[in-house]
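Observations on chain architecture
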Amino acid sequence: MAMRLQLVEGFELLEEWAESASQAQRNVMYEALFAVSDGSAFLIYDIFGDPGDRGNLVVAVKPDLVLKVVLRRADSSFAIRYAGPPDDDEAAGPGGEVVMSGEEPGSPEGG
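First, a word on what this report is: a plain description of the structure on this page. Only a predicted model underlies this, so the values are computations on that prediction, with no experimental measurement involved.

What counts, and at which threshold
Residues numbered from 1 in each chain as written. Predicted model: local features only at pLDDT ≥ 70, side-chain atom pairs only at ≥ 80, totals over all residues. Heavy atoms only, no water. Helix = DSSP H or I, 4+ residues; strand = E, 2+ residues; numbered from the N terminus. Polar contact = N/O pair within 3.5 Å; in protein donor to acceptor, adjacent residues only side chain to side chain. Contact = heavy atoms within 4.5 Å. Pairing = 2+ DSSP bridges. Buried < 20%, exposed > 50% of the residue type's maximum accessible area, 1.4 Å probe, protein only. Arc of directions from axis to C-beta.

With that out of the way, let us pick up the side chain of Ser 77. One can find Ser 77 in strand E5 (residues 77-84). A distance of 2.6 Å separates a polar atom in the side chain of Ser 77 from a polar atom in the side chain of Asp 75. Residues contacting Ser 77, with those up to four places away along its chain left out, are Leu 5, Gln 6, Val 8, Val 70, Leu 71 and Arg 72.

This is how it looks when you write it as structure tokens:
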């Protein structure tokens, strides 16, 4: 059974990123946020553990766009920690590609 999650934190980060993003970038980012919310992100996107913080997940929205979130299963919510290009974030490797931390992607069911 998929877990439904509510976005409870990080609105300011999203608004700040959206100011300089194109409409196409905003559209795909919002689709990714909805997918995280309904649990389908784990089926649609490549999701990696954040090498800088084990509690965060990095969603590879597009090759040049990532979304970092933290899931809070206790209250069925999530928070945005970062939105933008991977080269502005510590989850990026040389050349801006998202790199795996050696962990398997998580799942909304906790398995």
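Having put the structure on the table, let's press on.
Pairing of strand E2 (residues 46-50) with strand E3 (residues 53-62), which is carried by five bridges, proceeds in the antiparallel orientation. Across the sheet, Asp 46 pairs through a bridge with Ala 60, a residue of E3. Counting the residues in the hairpin turn of E2 and E3 gives two residues. Relative to strand E4 (residues 65-72), E3 runs antiparallel, the two sharing six bridges. The residue of E4 that forms the bridge with Asn 56 is Val 70.

Taken together, the buried positions of helix H1 (residues 11-20) are occupied by Leu 14, Trp 17 and Ala 18. Taken end-on, H1 shows its buried residues confined to a sector of 100°, consistent with a single buried face. Away from the buried face of H1 by more than 90 degrees, exposed residues Glu 12, Glu 15, Glu 16, Glu 19 and Ser 20 are located. Contacts made by the buried residues of H1 are with helix H2 (23-38), E4 and E5.

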